[in-house]
Amino acid sequence: MFRWISLPRVEGVAARQAHADLPEGTYERELGREGFYGPSTQMLHRHPPTGWISVEGPLRPRAFDTNQLTGTSVSPWDATPMLGNLSVKIRCWHTYSAMDHLVRNGDGDELLFVHEGSGHLYCDYGHLAFSEGDYLVIPRGTLWRIETSGMGVFLLIEASNSTYRLPEKGIVGAHAVFDPAVLDTPKIDDAFLAQQSDRTWRVLVKRRDRLSAVTYPFNPLDAVGWQGTLMPVRLNWRDIRPLMSHRYHLPPSAHTTFASERFVVCTFCPRPLESDPGVLRVPFYHNNDDYDEVIFYHRGHFFSRDNIHPGMMTLHPAGITHGPHPKALEAAKARSRTETDEVAVMIDARDALEVADLPRGVEWAGYVDSWK
């Protein structure tokens, strides 16, 4: 087991504590390792660390508007790829009706975030209703299909070659962020039993990103019962109770909802803003040098961003400083707001993410200039 060389030192002008009571006219930038879990140093600068004239090359911050995706599909395997690597695949799925087939992911666990719409999930384990703001965790190898009530818009996050687990709660205890008792599971109820039949059903199985079709002379969702510790679960963002401190701006890692081997999924929920007179009230400038950071904006007004609306997605590659936009920084100093109203999903990926070929108009090329 290796440990970082960690020798606390202070050089030149510095604040007494991180993220609070910064000397007048300075801007704080955090250099950290392992996301926000490892050692870090807080640099104080005379100028905003994002005050660039331009950024050229693969480290350029990027933004995408998924509202510009107009295609719909019955199958999640036809969803639009957005970003991915060997450990995680992020797709957007617009669907409008009941799936006429079943699917099984043989590559990894599937996480569906319901951005718009409502409906029903039918899977090996039974029936589970869902609505806007729900996470649906579907373990690898599970047979499933959904029926939507009108248009449904989903963010799909696949944990390739891995699984989802709950984050370590540490000193805050097992009930922190959300009580596991709020996790709902499928039921073998009347709706599930009613969909069982002897008509032909087709199953599309994804393995190594290739599809195989298996056809049955009956509906293979024909379970009559089950017992065990492996099952799909549902969690709505409204059941998340975010960790808060009125005297300190907590890092995104405090809002981790699910963890996988090479990435984490965090949820930003409405919360009171920090009220201590000297504390930062917006995310601090930082170099996330070990993780690519993706944020999907679900609803509300994201208080650290400008010109970002629900349905948009941003990518900040590892190695580029990022942080609040100028208007957000000024608004935080004015202290005109007392709470946030945003809901967003963040994926921090340990390995570099590749951007898929997207339709024209989906990417906002001017995002890199929004810090000017």
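My aim in this report is to walk through the structure given alongside it, one point at a time. (Residues numbered from 1 in each chain as written. Predicted model: local features only at pLDDT ≥ 70, side-chain atom pairs only at ≥ 80, totals over all residues. Heavy atoms only, no water.)

**Thoughts on the overall build of the chain**
Counting secondary structure elements, the chain contains two helices and 23 strands. Its C-alpha atoms give the chain a radius of gyration of 22 Å, within 12% of the compact-globule value 21 Å for 372 residues. The buried share of the chain, taken over its 372 residues, is 49%. Considering only contacts within the chain whose residues lie at least 6 apart along the sequence, 74% involve residues at least 24 apart. On the chain, roughly 18,200 Å² of surface is accessible, and the fraction owed to carbon and sulfur atoms is 51%. (Helix = DSSP H or I, 4+ residues; strand = E, 2+ residues; numbered from the N terminus. Rg over C-alpha atoms; globule rule 2.2 N^0.38 Å. Buried < 20%, exposed > 50% of the residue type's maximum accessible area, 1.4 Å probe, protein only. Contact = heavy atoms within 4.5 Å. Areas by Shrake-Rupley, 256 points an atom, 1.4 Å probe, with all protein chains shown as cover.)

**A few points about the sheet that holds strand 13 (residues 201–207)**
Pairing in this open sheet of six strands is mixed, and the strands run 9-8-11-6-13-14 from one edge to the other. Because the sheet does not close on itself, it has two edges, and the strands there are strand 9 (126–130) and strand 14 (210–216). In this sheet, neighbouring strand axes are inclined to one another by 25 degrees on average, regardless of whether the strands run parallel or antiparallel. As judged from the five bridges shared by strand 8 (residues 119–123) and strand 9, these two strands associate in the antiparallel manner. Residue Cys123 lies in a different strand from strand 9, and its bridge partner there is Gly126. (Pairing = 2+ DSSP bridges. Axes fitted to C-alpha atoms, helices over the stretch in contact; angles between N-to-C directions.)

**Looking at the nonpolar core**
The tendency in soluble globular proteins is for nonpolar side chains to be buried as a group. One finds Leu155, Ile157, Tyr164, Phe263, Val265, Met313 and Val345 to be the most contacted residues of the largest nonpolar core, which totals 37 residues. By residue number, the principal contributor to this core is strand 21 (residues 343–349), which donates four residues. Residue contacts for Ile157: discarding those within four places in its chain leaves Val88, Lys89, Asp109, Glu110, Leu111, Tyr164, Phe263, Val265, Val345 and Ile347. Trp77, Met99, Cys123 and Leu136 belong to the second largest nonpolar core, which has 19 residues in total. (Core = buried A, V, L, I, M, F, W, Y, C linked by side-chain atoms within 4.5 Å.)

**Thoughts on the packing of aromatic side chains**
Under the criterion given, the structure shown has 15 aromatic pairs. Seen in terms of ring centroids, Phe130 and Phe154 are 5.7 Å apart; in terms of plane orientation they differ by 70 degrees. Their pairing is edge-to-face. One end of the pair, Phe130, is in strand 9; the other, Phe154, is in strand 12 (residues 152–160), with 24 residues separating them in the sequence. Residue class for Phe130 comes out buried when judged on its relative accessible area of 4%. Ring plane angle 75 degrees and centroid distance 5.0 Å describe the contact between Tyr297 and Phe302, whose orientation is recorded as edge-to-face. Cluster of aromatic residues (ring-pair linked, three or more members): Phe113, Tyr135, Tyr164, Phe258 and Phe263. Seen from the ring of Phe178, Lys169 lies directly overhead, with NZ or CZ sitting 5.1 Å from the centre. (Phe/Tyr/Trp six-rings, centres within 6.5 Å; stacked < 30°, edge-to-face > 60°. Lys NZ or Arg CZ within 6 Å of the ring centre and 35° of its normal.)

**Here we look at the pattern of salt bridges**
Where side chains of opposite charge bring their charged atoms close, a pairing between them can arise. Within this structure, the stated rule accounts for 20 salt bridges. Two residues, Asp290 and Arg33, come together in a salt bridge whose shortest N-O distance is 2.8 Å. Linking Asp290 in the loop between strand 18 (285–288) and strand 19 (292–299) with Arg33 in the loop between strand 1 (27–32) and strand 2 (40–45), this pair joins segments that are 257 residues apart in sequence. The buried category is assigned to Asp290, whose relative accessible area is 7%. (Salt bridge = Lys/Arg side-chain N within 4 Å of Asp/Glu carboxyl O.)

**Observations concerning the environment of Leu121**
Here Leu121 lies in strand 8. The class of Leu121 is buried, set by a relative accessible area of 1%. Along the sequence, Leu121 and Arg241 sit 120 residues apart, while their C-alpha atoms lie 25 Å from each other. Non-local contacts of Leu121, meaning those with residues more than four positions away in its chain, are made with Gly126, His127, Leu128, Phe130, Ile138, Trp144, Arg145 and Ile146.

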